[in-house]
Each structure stands twice: as C-alpha cells, then as structure tokens.
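Descriptive structure summary
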Amino acid sequence: MKKVISVLTVFVLISCGAKKTTDSKALYEVLTEQSDGGGNIKFFEILTEPNEIKMLQNDPLLADKMKQADINNSNYVILNMGEKNTGGYSIGVEKVEETEKNIIITVKENAPATDAMVMQVITYPYTVVKVHSKKEIIIK
C-alpha cells in the first residue's frame with residue numbers, strides 16, 4: 001500500500017511541475033459569425049492597412065475584440081455571403097494554412113437542408129476573421 005501511495009505522490013508531483021513550454025498562438029480567430037447584417041453581394045475583403053482595420057472598430061460586435069496591437073500585427077478578413085432568401089445560411093472558415101510566403105484561407109458556405117424549416121426572411125450572412133499575421137492572404 002505504501003508503494004502505491006508513493007508512486008501516486010511522485011506522479012502527482014511530476015504532473016504538477018510539468019509546464020507546457022510551447023507557445024502555440026492560433027493562426028486565426030473568428031471575431032464574429034452572423035446570419036444577418038452583411039452586404040447585398042457576395043464578396044471577400046482583406047483589410048491590411050490600419051486605417052481600413054480601424055473602421056471595423058465602429059461595429060459594436062467587434063469593438064471589444066480589437067486592440068491597437070492587433071491592428072498593427074494582424075490582418076482582418078470579411079467574408080460576406082450576399083443576399084439569401086431564407087434563414088439558415090452561414091459562411092465561415094473551413095481551414096487556414098500558413099506557407100512561407102502567405103496565408104491560405106479556405107471558406108466554407110453552409111446552406112440549410114432542403115427539408116429544413118427556415119425563417120422566410122431575407123438574410124445577409126457574414127463572418128469577420130482576424131489572422132495573426134501580416135503575410136499576404138489568399139482566399140479559396
């Protein structure tokens with residue numbers, strides 16, 4: 001019994017002392033994904049200049065999520081799905097890959113199932129993504 005307690009104590013001490021030394025900051029962050037509020041047409045906009053990015057701070061959904069350091073060190077991407085005749089649509093990020101020269105964002109568009117009961121209202125789905133890099137962005 002003493003041996004089991006000793007082994008457990010050593011295990012607990014080692015696991016408590018172990019620290020994760022890798023500082024793995026996510027490559028991107030979805031700041032907001034909304035089913036309504038976007039533009040009338042489908043477009044993807046990449047904001048790289050501080051004056052362009054500062055305009056996003058006027059959006060109440062984004063103001064608290066944007067810091068001055070982020071504006072200088074990150075790029076922002078607006079993914080706009082355009083006008084949809086019903087609810088149930090969304091646009092988002094499928095994956096983000098970093099290469100030596102750029103960031104590749106793969107966009108995923110979601111539509112409601114054909115048999116889904118959805119609101120019969122016009123919507124404008126959009127998503128805003130912060131990319132923790134100033135590399136060139138390619139959108140697929």
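With that settled, consider the nonpolar core. Judged by nonpolar contacts, Val77, Leu79, Met81, Ile91, Val93, Val96, Ile103, Ile105, Val107, Val129, Val131 and Ile137 together constitute the single largest core of 12 residues. Among the secondary structure elements, those contributing two or more residues to this core are strand E3 (75-80), strand E4 (90-98), strand E5 (102-110) and strand E6 (126-131). In this structure valine 77 touches Glu45, Ile46, Ile105, Thr127, Val128, Val129, Val131, Ile137 and Ile139, once residues within four positions along its chain are discounted. Counting residues in each nonpolar core, the second largest holds 11 residues, with Leu47, Leu62, Tyr76 and Tyr126 among its members.

Okay, the pattern of salt bridges next. Scanning the entire structure with this criterion turns up four salt bridges. The closest approach of N and O atoms between glutamate 29 and lysine 130, which form a salt bridge, is 3.5 Å. A residue pair is termed long-range when its members are at least 10 positions apart, and glutamate 29 in strand E1 (residues 28-34) and lysine 130 in strand E6 qualify at 101 residues. In this structure, glutamate 109 engages lysine 42 in a salt bridge whose closest nitrogen and oxygen atoms are separated by 2.6 Å. Within this pair, whereas glutamate 109 is found in strand E5, its partner lysine 42 is found in the loop between E1 and strand E2 (43-47), the two being separated by 67 residues in sequence. Salt bridges linked by common partners bring Glu29, Asp70 and Lys130 together as one network.

A few words now on the sheet that holds strand E7 (residues 136-139). Reading across from one edge, E4-E5-E7 is the order of the three strands in this open sheet, with mixed pairing throughout. Bordering the open sheet on either side are E4 and E7, each of which pairs with just one other strand. Strand-to-strand twist in this sheet, taken as the mean axis angle between neighbours without regard to direction, amounts to 30 degrees. When E5 meets E7, the two strands line up parallel, connected through four bridges. Paired with isoleucine 103 across the strands is isoleucine 137, a residue of E7.

Thresholds applied
Residues numbered from 1 in each chain as written. Predicted model: local features only at pLDDT ≥ 70, side-chain atom pairs only at ≥ 80, totals over all residues. Heavy atoms only, no water. Core = buried A, V, L, I, M, F, W, Y, C linked by side-chain atoms within 4.5 Å. Buried < 20%, exposed > 50% of the residue type's maximum accessible area, 1.4 Å probe, protein only. Helix = DSSP H or I, 4+ residues; strand = E, 2+ residues; numbered from the N terminus. Contact = heavy atoms within 4.5 Å. Salt bridge = Lys/Arg side-chain N within 4 Å of Asp/Glu carboxyl O. Pairing = 2+ DSSP bridges. Axes fitted to C-alpha atoms, helices over the stretch in contact; angles between N-to-C directions.

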